[in-house]
Amino acid sequence: MKKTVLLLLLAVFLTNCTNKSDEYIDPRGTDYAGSESCIQCHKAEYDMASKSSHFKATAPATLENILGDFDSGNHTFIYDKDTKMVMEKRGDSLYQVLYKKEKEVESHSYDLVFGIKHAQTSAYWKNYHTYELPISYYKSLHNWATSPGYPADKPNFTREIPKECYGCHSSNISSQFVTTSSDKINMMRMDAEIFVDKRTLVYGIDCERCHGPSKEHVTKHLKFPDLKKAQNIISIKGLTRQQRLDECAICHSGNDQMKMKSRFLYKPGENLNDYFRATHSSSDSLHFDVHGNQMGLLAQSKCFQKSETMDCMTCHNPHQNSPSNLAYYSKICMSCHQDLKHNATTLKTMSASLLANNCVECHMPKKQSNAISFYPSNSKQPSNYILRTHKIGIYPTNKK
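In this text, all values refer to a predicted model and were calculated from it rather than measured experimentally.

Let us look at the nonpolar core. Formed by 20 residues in total, the largest nonpolar core has its most connected members in I66, F70, M85, M87, Y110, I135 and W144. Those elements that provide at least two residues to this core are β2 (76-80), β3 (83-90), β4 (93-100) and β9 (135-138). Contacts of M87, omitting those with residues within four sequence positions, involve F70, H75, T76, F77, Y95, Q96, Y110, I135 and W144. Membership of the second largest hydrophobic core comes to 13 residues, among which are L245, C251, Y266 and M295.

The following block contains the structure:
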């Protein structure tokens, strides 16, 4: 009897430890195992990362993934007295529906979403292309406003999302050619268009986007579970400072550089200069925007320039969202600035104890983005996206 129980327990154990990646086919290739294979040994890290804004940079447009209210009165965007966009739930699907004089003119479903931390833009698929829905949800407003690039007076559904946007909001999507004519002569004339194949989309920034292909790693460690040192995968701790910076800069260094290769081809440890070459404008600090070019701003900071070790992970854990408690960051600042004394003018604005817990509020203030603006409902006055700058410095204050 005891022998039978032991055999059953052993069978259950072996079943739970089988290589889940063997059943998974990743669109990036056979050397990828898929993020769910990481759960078997790194459940705590996976559970944490799966809730992060990195992991949810793109996601299927399911009810649990979509921000905003669809059921109360707070689901309507007003263009003018005759024109409105209504966010509607129809059955199990969500739609943006354009009405003119209370008559439905056009509607499109939510198929996928971009972003979750500060705001969320949604999109729909049509004829092998992705189109941005005209209304987005902004947490700063706790309400709806126009999506980036859309006007406040001419509602439409025609703004296409290029593949480049997926480069920083997903872990993979492939381009394909589709012929627009059955005429072979036209085909020879390249009468075809490029489209993104949604079957190859890997949502969000997943484990292998930052840690590299892991199929061999998973197979090795399931076969030899007593191995202490990570095998067949690039360890972030083993990278040089510049390599760690490049790991983040592949997406957080702005989009005003000349692209040499697709971001999707980048692997940890590679040289970012093989993928992007700076243009004249990208070296102009006046044009570094708080949205997207965190690396460019950080590189201008004296804290960064004087340190031999400071990188993005000095302050951020890429597996989780940034803490909202500013005192968390102040502790990091004070680890290097323990002997810092504020002058009398500064101390008049705030007590020394409060200043010690609010370093980033003064030295990394929130700034307007010139790259993203939007229009609230029933308004012709644009609002700017507000984000905290990564250029650490001494900023003037209006307080007296």
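Taken as a whole and assessed by the stated rule, the structure comprises 13 salt bridges. The closest approach of N and O atoms between D47 and K43, which form a salt bridge, is 2.7 Å. Here K43 and D47 lie together in helix α2 (residues 39-49), a separation of four residues that amounts to about one turn. Under the relative-accessibility criterion, D47 is labelled partly exposed at 26%. Relative accessible area serves as the criterion here: at 48%, K43 is assigned to the partly exposed category.

What follows is about the side chain of S52. Relative to the elements of secondary structure, S52 occurs in the loop between α2 and β1 (58-60). A polar contact of 2.6 Å, which involves the side chain of S52, links it to the backbone oxygen of A49. In this structure, S52 is in contact with P318, H319, Q320 and N321, ignoring residues within four places of it in sequence.

Turning our attention to unusual backbone geometry. With a phi angle near 70°, Y128 is a residue other than glycine that sits in the positive phi range. Positionally, Y128 belongs in the loop between β7 (119-126) and β8 (129-132). Of note in the backbone geometry, N232 takes a positive phi value of approximately 60° without being a glycine. For N232, the position within the fold is in the loop between α6 (215-223) and α7 (241-252). N232 sits in the partly exposed class, given a relative accessible area of 39%.

Another point: the sheet that holds β2. Strand order in the open sheet formed by four strands is β2-β3-β4-β5, and the pairing between neighbours is antiparallel. Only two strands of the sheet have a single partner each, and these edge strands are β2 and β5 (103-109). In this sheet, neighbouring strand axes are inclined to one another by 25° on average, regardless of whether the strands run parallel or antiparallel. Relative to β3, β2 is paired through four bridges, and the arrangement is antiparallel. Each bridged residue has a counterpart across the sheet, and for T76 the counterpart in β3 is V86.

One pass over the structure, following the stated rule, counts 14 aromatic pairs. Judged by centre distance (3.9 Å) and plane angle (25°), the ring pair of Y138 and F374 falls under stacked. In this pair, Y138 sits in strand β9 while F374 sits in strand β15 (residues 366-374), placing the two residues 236 residues apart along the sequence. With a relative accessible area of 2%, Y138 lands in the buried category. Taking relative accessible area as the criterion, F374 reaches 2% and is therefore assigned buried.

Our focus in this paragraph is helix α10 (residues 326-334). Among the residues of α10, those classed as buried are L326, A327, Y329 and S330. Mapping the buried residues of α10 onto a view down its axis gives an arc of 155°, with all of them on the same face. The opening residue of α10 is N325, an N-cap whose side-chain oxygen sits 3.1 Å from the backbone nitrogen of A327.

Time to look at the pairing of β9. Side chains I135 and Y137 project from β9 onto one buried face, and the interleaved S136 and Y138 project onto a second face that is buried too. As defined by bridge partners, β9 adjoins strand β10 (residues 143-146) across four bridges and the pair is classed as antiparallel. Following the sheet pairing, Y138 is matched in β10 by N143. Linkage of β9 to β10, two consecutive antiparallel strands, is achieved through a turn of four residues, within which H142 is found at a positive phi near 55°.

Time to look at the environment of Y124. Within the secondary structure, Y124 is located in strand β7. Overall, the relative accessible area of 4% leaves Y124 in the buried class. Beyond its immediate chain neighbours, meaning those up to four positions away, Y124 contacts H108, S109, D111, H129, T130, Y131, L133 and F157. A distance of 2.7 Å separates the side chain of Y124 from the backbone oxygen of F157, its partner in a polar contact.

This paragraph deals with empty space enclosed by the protein. Empty pockets left among the atoms are what a rolling probe the size of a water molecule brings to light. Enumeration over the complete set of coordinates arrives at two cavities of 30 Å³ or more. In this structure, the largest cavity spans a volume of roughly 60 Å³. Every residue along the wall of the largest cavity is listed here: R28, Y32, S171, E208, R209, G212, F264, Y266, K267 and P268. For the lining of the largest cavity, the per-class residue count stands at four nonpolar, two polar and four charged.

Conventions adopted
- Residues numbered from 1 in each chain as written.
- Predicted model: local features only at pLDDT ≥ 70, side-chain atom pairs only at ≥ 80, totals over all residues.
- Heavy atoms only, no water.
- Core = buried A, V, L, I, M, F, W, Y, C linked by side-chain atoms within 4.5 Å.
- Buried < 20%, exposed > 50% of the residue type's maximum accessible area, 1.4 Å probe, protein only.
- Helix = DSSP H or I, 4+ residues; strand = E, 2+ residues; numbered from the N terminus.
- Contact = heavy atoms within 4.5 Å.
- Salt bridge = Lys/Arg side-chain N within 4 Å of Asp/Glu carboxyl O.
- Polar contact = N/O pair within 3.5 Å; in protein donor to acceptor, adjacent residues only side chain to side chain.
- Pairing = 2+ DSSP bridges.
- Axes fitted to C-alpha atoms, helices over the stretch in contact; angles between N-to-C directions.
- Phe/Tyr/Trp six-rings, centres within 6.5 Å; stacked < 30°, edge-to-face > 60°.
- Arc of directions from axis to C-beta.
- 1 Å grid on protein atoms, 1.4 Å probe; cavity = no way out; pocket = protein on both sides within 12 Å on 5 of 7 lines; lining within 4 Å.
- Points joined across faces, edges and corners; volume = space filled by probe spheres on them.
- Nonpolar A, V, L, I, M, F, W, Y, C, P; charged D, E, K, R; others polar.

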